[in-house]
Amino acid sequence: MKGDRNIVFRDGESPGRMKNLLQPLTVALVMVIFIILILFMGLMDLGRLDKSLVGIMENRGIDIVSTIENVAKENLSYLYQTLKEDQGDEDAFVPLSDKAFSPQESLVKNLVALAREIDLRWKQELLKEKDLIEIARRENLWLIAVLDEEGKILFKSREFLEDIAPSSAVGGDILRDEVNINLFNRFGELDEVGYIALRRKDGSGTIVIALDDKGLRYWSTKIAIRKAIDEVGWGQGLSFLLVMDGQGKVIGRAGDVPENVEVLDPVSLDVLTGKLPKASRKILFRDRRLLEIILPLSIEDGGMVAFARLGLDRERSDMILAENRNRMITSMIFIMVIGVLSTWALYRNQKRHAARVEEMETRLRQAERLSALGQLAAGLAHEIRNPLNAISMASQRIQREYVPGDEDRQKGFYRITGIVRDEIRRLNGIVEEFATFFKSRRLELSDHSIAFVIQKTLDLMEDEAKTRGIVIRTQMNDDNAMVAMDMDKMKQALFNLFKNAMESIPGEGVITVNIEPDGKDRVRIRISDTGTGLTAEELEKAFSPEFTTKEKGLGLGLPLAHEIIRGHQGEIRITSAINAGTTVEILLPVQAA
């Protein structure tokens, strides 16, 4: 057995256990791969959903910018038509509506506001000629000039060919009117400049702002875009809007624009130059999640190339993403729980199956050993019985014919011959028990009263029980139960059980036999003793032919009883505790009376 154990177990691991764990581990590995695959697909779906939502918001931004472009072109067209009428173009048609005059009015207001800002710095004595040069460059103005009350130029942004004398037609108008607007009146040597003049109320000075055709188109486009931004309106998640030209100058703005947005960064340049059709990024501004979209903005009539930066609220799209993310996490948890439960159930079933296989292998090995022992038992019984019979007959003849004449020697003679006879009888009993265990287990069934069979078996043991000081008590609560049995083999099984109970009691004690119904189809036989009892390890080996608690004997009584009870489609159970006795329960199917 030790050699077999060394073959079966290596390094403390059992191949049966490895087989038991192999399939659950495989299923667990497949489940992990499946979960990773689902997680990967879920993340890809979330990424696609995020891209789709960003695409929807980008399309919305494109619609807003397209609307601004269309409205700006319309405003610019009305403005040009109005200015052409002022220039005296007879072919120009200008509709008599607010749309025709509103862009021109906005243009004038913005230029007047710029003139007032310059005048304020002049009053505060903060104005310098280099300031006018910077403002003119920044605002695309052909000329900014500051005149005194006599028309003499005090500050100018560029060289001017002549002072504006009060006696001239243009100079008289500039120095006489508080606000003089003639964007297409020509003065100066180039004869390509229109102007706007803002004269102080006290007549102490005048601010002149002049625009050539390029500056006029720039300012007209700028005003058209600003009016378009105002006309587009707000709402529906639009947080801010910023329009900038190619030099990074802000043309128009609306909403609360972040500071870092008012910078001409590389991405904006790529959109402006056409390398990228559009760009977008997610930003966080004042605890608000926004999607910044950068789109090109072009107004051909104005000759301006610009780009727009929009900030759209991401709250709704983030909510959709969060819902899908939570749904994915819930699904993942659900799948993981199912996977863990499935792996646990499979492991448990495999463990049971492996235990059954191991039990079957153990029984198979036992059967193989029992088969070999059976063949050995048959030959051994045949070979031993003949010498035993001869020895028994010889001992009887010696005891009968060779009795010594001396009385003292006779006592010793009878004692020795008695010992020989007893040992022959015991040896013959051992051989008989050994041979009986391996006999054919084919049963010859007929209906008998189980109470009657038990009573007959107890009658055989009554004398020995009295000799040992053991009391046998019977409680026949179901003495009419009929069982289909092989009566001889059933008596043999019961005899072995009663004998084990009797031999487990070291001195005086009690054996209780109880018969009672167990449902409608079975009868329960309970045999209890007050013996020494069995340990848990001994209980596990109780039905093994290799186990016995007796100093003498083969330990085949209980396994033989177990085989006989099972052959009758019954069950046998043993409960025991050290120094508390043992109880054997037998359940047998009953037949109709």
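No experiment lies behind these values; they were computed from the predicted model shown.

Caption draft 1: Spotlight on the confidence of the model for the protein chain. Overall, the prediction assigns the protein chain a mean pLDDT of 77, with 78% of residues at 70 or greater. Mean pLDDT across the elements of the protein chain ranges from a minimum in helix H1 (residues 2–8), with 36, to a maximum in strand E15 (residues 522–529), with 91. Contacts of residues 1–16 to residues separated by more than four positions or lying in other chains number seven contacts, the stretch itself having pLDDT below 50. With pLDDT under 50 throughout, residues 89–97 is counted as low confidence; its partners more than four residues away or in other chains account for 12 contacts.

Caption draft 2: The arrangement of the packing of helix H11 (residues 487–503) against helix H13 (residues 557–567) in detail. Here H11 crosses H13 at 140 degrees, and the two axes come no closer than 9 Å. Considering the relative orientation of H11 and H13, their crossing is left-handed. Residues Lys489, Met490, Gln492, Ala493, Asn496, Leu497 and Asn500 of H11 form the contact with H13, whose own contacting residues are Gly557, Leu558, Leu560, Ala561, Ile564 and Ile565. When grouped by side-chain class, the residues that make up the contact of H11 with H13 number eight nonpolar, four polar and one charged.

Caption draft 3: Unusual backbone geometry, seen in detail. The backbone phi angle of Arg286 is positive, close to 55 degrees, even though this residue is not glycine. Here Arg286 shows up in the loop between strand E8 (279–285) and strand E9 (288–299). Taking relative accessible area as the criterion, Arg286 reaches 59% and is therefore assigned exposed. The phi dihedral of Asp287 falls on the positive side, at around 60 degrees, and the residue is not glycine. Tracing the chain through its elements places Asp287 in the loop between E8 and E9. By relative accessible area, Asp287 is classed as exposed at 78%.

Caption draft 4: Spatial organisation of the pairing of strand E14 (residues 509–518). As judged from the seven bridges shared by strand E12 (residues 470–476) and E14, these two strands associate in the parallel manner. Following the sheet pairing, Ile470 is matched in E14 by Gly509. Bridge count between E14 and E15: eight bridges; the pairing is antiparallel. Note on E15: the bridge partner recorded for Asp518 is Arg522. Counted between consecutive antiparallel strands, the loop separating E14 from E15 contains three residues, among which Gly519 sits at a positive phi close to 80 degrees.

Caption draft 5: Seen up close, H11. Here H11 contains 17 residues, and its C-alpha end-to-end distance of 24 Å stays within 8% of the 24 Å for a straight helix at 1.5 Å per residue. Looking only at H11, the buried set comprises Met487, Met490, Ala493, Leu494, Asn496, Leu497, Phe498, Ala501 and Met502.

Caption draft 6: Main features of helix H4 (residues 129–138). Among the residues of H4, those classed as buried are Asp131, Leu132, Ile135 and Ala136. The buried residues of H4 occupy one face: seen down the axis, they fall within an arc of 130 degrees. The exposed residues of H4 that point more than 90 degrees off its buried face are Lys130 and Arg137. Positive backbone phi, at 55 degrees, marks Asn140, one or two positions downstream of H4.

Caption draft 7: Layout of the packing of aromatic side chains. Counting across every chain of the model gives one aromatic pair. Over the ring of Trp122 we find Arg200, and its NZ or CZ is 4.0 Å from the ring centre. Directly above the ring of Trp219 sits Lys222, whose terminal nitrogen or CZ lies 4.7 Å from the centroid.

Caption draft 8: Fine view of a nonpolar patch on the surface. Together, Leu37, Phe40, Met41 and Met44 make up an exposed nonpolar region whose accessible area comes to about 390 Å². Secondary-structure assignment places Phe40 in helix H2 (residues 15–87).

Caption draft 9: Looking closely at the pattern of salt bridges. For the structure on display, the rule yields 25 salt bridges. Residues participating in the shared-partner salt-bridge network are Glu516, Asp518, Arg522, Arg524, Arg526, Glu571, Arg573 and Glu585.

Caption draft 10: Summary view of the side chain of Glu585. By secondary structure assignment, the location of Glu585 is in strand E17 (residues 581–589). One polar contact links Glu585 to Arg526, side chain to side chain, over a distance of 3.1 Å. Residue contacts for Glu585: discarding those within four places in its chain leaves Arg524, Ile525, Arg526, Glu571, Ile572 and Arg573.

Caption draft 11: Fine view of the pairing of strand E5 (residues 205–211). The buried fraction of E5 is high, at seven of seven residues. With burial as the criterion, each face of E5 is covered, one bearing Gly205, Ile207, Ile209 and Leu211 and the other bearing Thr206, Val208 and Ala210. Bridge count between strand E1 (residues 143–148) and E5: six bridges; the pairing is antiparallel. Residue pairing for E5: Leu147 is matched across the bridge by Thr206.

Caption draft 12: Structural detail: the sheet that holds strand E16 (residues 571–577). Strand order in the open sheet formed by five strands is E12-E14-E15-E17-E16, with mixed pairing between adjacent strands. Each having just a single partner strand, E12 and E16 make up the two edges of the open sheet. Each adjacent strand pair in this sheet contributes to an overall mean axis angle of 15 degrees, direction not counted. Each of E12, E14, E15 and E17 is contacted by helix H10 (residues 450–468), which is oriented at about 165 degrees to E12, the strand it contacts most. Here H13 sits on the sheet and contacts E16 and E17; the angle it forms with E16, its principal contact strand, is near 145 degrees.

The rules we used
- Residues numbered from 1 in each chain as written.
- Predicted model: local features only at pLDDT ≥ 70, side-chain atom pairs only at ≥ 80, totals over all residues.
- Heavy atoms only, no water.
- pLDDT = per-residue confidence, 0-100.
- Helix = DSSP H or I, 4+ residues; strand = E, 2+ residues; numbered from the N terminus.
- Contact = heavy atoms within 4.5 Å.
- Axes fitted to C-alpha atoms, helices over the stretch in contact; angles between N-to-C directions.
- Left-handed = near helix turned anticlockwise from the far one by under 90°.
- Nonpolar A, V, L, I, M, F, W, Y, C, P; charged D, E, K, R; others polar.
- Buried < 20%, exposed > 50% of the residue type's maximum accessible area, 1.4 Å probe, protein only.
- Pairing = 2+ DSSP bridges.
- Expected span 1.5 Å × (residues − 1).
- Arc of directions from axis to C-beta.
- Phe/Tyr/Trp six-rings, centres within 6.5 Å; stacked < 30°, edge-to-face > 60°.
- Lys NZ or Arg CZ within 6 Å of the ring centre and 35° of its normal.
- Patch = residues over 30% accessible without salt bridge, like charges linked within 9 Å, V, L, I, M, F, W, Y side chains within 5 Å.
- Areas by Shrake-Rupley, 256 points an atom, 1.4 Å probe, with all protein chains shown as cover.
- Salt bridge = Lys/Arg side-chain N within 4 Å of Asp/Glu carboxyl O.
- Polar contact = N/O pair within 3.5 Å; in protein donor to acceptor, adjacent residues only side chain to side chain.

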